[in-house]
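Read off the chains here:
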Amino acid sequence: MQNMNDEFLGALKRVLGELQGDEAAPVPATALAGLMDLAQRDVDLTIDMTASRALGAPLITVRHTGAPEVLAALSPRQKQVAKLMIAGKSNKAIARDLGLSVATVKDHAHAILKKCSVATRRELMALALVPPR
């Protein structure tokens, strides 16, 4: 992701270097500590050990999980709905989770897309993947 800061990328590079040892050896404690530090910064880290062994190098997926800046203009309820939309939930599922009617969720969804200047849920999901600057 091109918008990750140099400190984050440097920390990730150090962890990757430590993971490139003997594949049968346990993950070094220093690498785990580094991953824990990175994961505490609104980042979801997934290590695919099977793919890592097949590739001969660590395969780590990094995804920003914090609320994107674009959601800052939303009301608290709209933020709740937006986060569930970003998670891929349907209007019906969102209504059930939040104790709202489907019509109310549709109204919130329309307002969210308008305030975020996007036309579709997919565009909203894409915005959510953009890390903060």
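Residues numbered from 1 in each chain as written. Predicted model: local features only at pLDDT ≥ 70, side-chain atom pairs only at ≥ 80, totals over all residues. Heavy atoms only, no water.

**Considering the nonpolar core**
Now for step 1: V81, M85, I94, I112, C116 and L124 are the most contacted members of the largest nonpolar core, which has 16 residues in total.
Now for step 2: Where this core is concerned, the elements lending two or more residues are α4 (76–86), α5 (91–98) and α6 (102–115).
Now for step 3: When neighbours within four sequence positions are excluded, C116 is seen to be in contact with V70, L71, L74, L124 and L127. (Core = buried A, V, L, I, M, F, W, Y, C linked by side-chain atoms within 4.5 Å. Buried < 20%, exposed > 50% of the residue type's maximum accessible area, 1.4 Å probe, protein only. Helix = DSSP H or I, 4+ residues; strand = E, 2+ residues; numbered from the N terminus. Contact = heavy atoms within 4.5 Å.)

**Remarks on the confidence of the model for the chain**
Now for step 1: Per-residue confidence for the chain gives a mean pLDDT of 77; residues scoring 70 or more make up 62%.
Now for step 2: Of all helices and strands in the chain, the one with the weakest mean pLDDT is helix α2 (residues 29–39) (65), whereas α6 scores best (96). (pLDDT = per-residue confidence, 0-100.)

**Digging into the packing of α5 against α6**
Now for step 1: In the contact formed by α5 and α6, the axes pass within 8 Å of each other and the chain directions differ by 110°. Compared by their axis directions, α5 and α6 come out roughly perpendicular. Residues N91, K92, I94 and A95 of α5 pack against V102, V105 and K106 of α6.
Now for step 2: Residues of the contact of α5 with α6, tallied by class, amount to four nonpolar, one polar and two charged. (Axes fitted to C-alpha atoms, helices over the stretch in contact; angles between N-to-C directions. Parallel < 35°, antiparallel > 145°, perpendicular 65-115°, else oblique. Nonpolar A, V, L, I, M, F, W, Y, C, P; charged D, E, K, R; others polar.)

**Looking at α4**
Now for step 1: Listing the buried residues of α4 in full gives Q78, V81, A82, L84 and M85. One face of α4 carries all of its buried residues, which in axial projection span an arc of 165°.
Now for step 2: The inward-facing, buried residues of α4 contact α5, α6 and α7 (121–128).
Now for step 3: Two residues or fewer after α4 comes G88, characterised by a positive phi angle close to 90°. (Arc of directions from axis to C-beta.)

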